[in-house]
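Residue-level structure breakdown
Chain by chain, the residues run as shown.
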Amino acid sequence: MADKKPIDDKVKGKSIAVLTSGGDAPGMNAAVRAVVRAGIGKGFKMIGVYRGYNGLLNGDVKELKLRSVSDIIGRGGTILYTARSEEYKTPEGIMKAAEFCRSLNIVGLVVIGGDGSFRGARALAAQGIPCVGIPGTIDNDIACTDYTVGFDTAMNTALDMIDRIRDTAQSHDRCSVIEVMGRHCGDIALQTGIAVGATAIIVPEVPYNIEEDVIARIYEQKATGKKHFIVVVAEGVGKKGHGNIADSLANYIEKRTGIETRATILGHVQRGGCPTLRDRVMATAMGVAAVDILYDSIDSKEQVSRVVASRGGKIVDFDITEALDMQNDFDKHLYDVALRVSI
Ligand code: F6P
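Treat the numbers as computed from the prediction; the structure is a model and nothing was measured.

**Here we look at the site of the ligand**
Residues in contact with the ligand, as listed here, are Arg84, Thr137, Ile138, Asp139, Met181, Gly182, Arg183, Glu235, His268 and Arg271. The separation between an oxygen atom of the ligand and a polar side-chain atom of Asp139 is 2.6 Å. Take His268: an N or O atom from its side chain is 2.8 Å from an oxygen atom of the ligand. The fraction of the free accessible surface of the ligand (400 Å²) that becomes covered by protein chains is 72%. Partitioning the shell around the ligand into residue classes produces 2 nonpolar, 3 polar and 5 charged. Inspection of the shell around the ligand shows a minimum of three residues originating in each of domain 1 (9-149 + 275-325) and domain 2 (152-271).

So, in structure tokens, the structure goes:
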């Protein structure tokens, strides 16, 4: 298939742009690749926008051809780079970006990122540029979708790291407190906590009492012979300006139990690395779906502002406003499952 040959008249001379915005996530490259390949397959000219919305403000764009996205499906990070743009958030910035899109005959923009990135997409759609979001964040905190690209890789990285920490905690009969990412969402903590057999899992969605939910559990397990302990805490549990939650928990545990305790903040290691199979497949399915939405909306008189989502194993899409208004459901059942087995 030739890069430039239009498949039908509907797309002749029209372009679709793609950008990544907000925090990078493993699998973003797989999504970019899918968008570019599916778009070229439909006959669009494909344009990569660099460093998030900033690229629309300063003309930092490049045509992406079939081979421009070769060998990136398994690469972490984002070949398009990413950024959070302050200028774009202003009404002038949004209008400037829309004008730029029109000047390149961009009839649709695919935005790979999180909630904040989708707000930016909605603002551009209101200026007449059709936009489709793909959920790309390690946090899994986008309410309309069961899954966000990057989540599986981040969890597996955290799992690997915590398994290593367990080796040393066990050797020293210590307690290890591990802080994982997730912004305000406890999903990474919950799932990795279960997978490493944590004594306690602390997430922002469930109020906790340190005596009952951590100290008492350590004492109970100690009484049945356990000598090393893993506590997984989500970063969102900490309060801004109060130091990090992992250190304060570790200090408290050591003081109350006499067990030597160490704190580890996993940090940005969770954002890097080769995407897992699940992230590559999900990113690919979502990328193709995003292009299909834009293709179907060519010449639409309606404002096109959609987000692709995975629900019950199916790829669906929602209006961005509807998606942003949804409340993220925490899996309380899974949390209870964790409590029942970490005894
Ligand atoms: O949203 C992804 C994320 O990694 C969060 O888990 C974390 O709170 C935040 O981004 C960190 O942002 P930054 O890379 O700007 O420090």
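**Describing the sheet that holds strand E1 (residues 15-20)**
Taken in spatial order, the 7 strands of this open sheet run E3-E2-E1-E4-E5-E10-E11, and their pairing is mixed. The sheet is open, and its two edges are formed by strand E3 (61-63) and strand E11 (314-319), each paired on a single side. Each strand axis lies, on average, 25° off the axis of its neighbour in the sheet, ignoring direction. Here 3 bridges tie strand E2 (residues 45-49) to E3, and the two strands are oriented antiparallel to one another.

**Description of the domain arrangement of the protein**
It is common to report an interface's size as the accessible area lost on association of the parts. Considered domain by domain, the protein is made up of domain 1 (9-149 + 275-325) and domain 2 (152-271). Relative placement of domain 1 and domain 2: their C-alpha centres are 35 Å apart. Contact with domain 1, which involves 12 residues of that partner, is made by 12 residues of domain 2. Counting across the domain 1 and domain 2 interface gives 3 salt bridges. The shortest N-O distance in the salt bridge between Arg183 and Asp141 comes to 2.6 Å. The interface formed by domain 1 and domain 2 includes 8 residue pairs in polar contact (both at pLDDT 80 or more). Per-class residue counts for the side of domain 1 that touches domain 2 are 4 nonpolar, 3 polar and 5 charged.

**Some details on the side chain of Thr20**
Mapped onto the fold, Thr20 is located in strand E1. Among the polar contacts made by the side chain of Thr20, one reaches the main-chain carbonyl oxygen of Tyr81 at a distance of 2.7 Å. If near-sequence neighbours (up to four positions away) are discounted, Thr20 is found in contact with Met28, Val32, Gly52, Thr78, Leu80, Tyr81, Thr82 and Ile112.

**A short note on the packing of helix H1 (residues 28-42) against helix H9 (residues 277-296)**
Close contact between H1 and H9 brings their axes to 7 Å; oriented N to C, the two are set at 40°. When the axes of H1 and H9 are compared, the crossing they make is right-handed. Judged by residue contacts, Ala30, Ala31, Ala34, Val35, Ala38, Gly39 and Lys42 of H1 engage Arg280, Ala283, Thr284, Gly287, Val288, Val291, Asp292 and Tyr295 from H9. Its residues placed into classes, the contact of H1 with H9 shows 9 nonpolar, 3 polar and 3 charged.

Criteria and cut-off values
- Residues numbered from 1 in each chain as written.
- Predicted model: local features only at pLDDT ≥ 70, side-chain atom pairs only at ≥ 80, totals over all residues.
- Heavy atoms only, no water.
- Near = heavy atom within 4 Å.
- Polar contact = N/O pair within 3.5 Å; in protein donor to acceptor, adjacent residues only side chain to side chain.
- Areas by Shrake-Rupley, 256 points an atom, 1.4 Å probe, with all protein chains shown as cover.
- Nonpolar A, V, L, I, M, F, W, Y, C, P; charged D, E, K, R; others polar.
- Domains from an automatic or database assignment.
- Pairing = 2+ DSSP bridges.
- Helix = DSSP H or I, 4+ residues; strand = E, 2+ residues; numbered from the N terminus.
- Axes fitted to C-alpha atoms, helices over the stretch in contact; angles between N-to-C directions.
- Contact = heavy atoms within 4.5 Å.
- Salt bridge = Lys/Arg side-chain N within 4 Å of Asp/Glu carboxyl O.
- Left-handed = near helix turned anticlockwise from the far one by under 90°.

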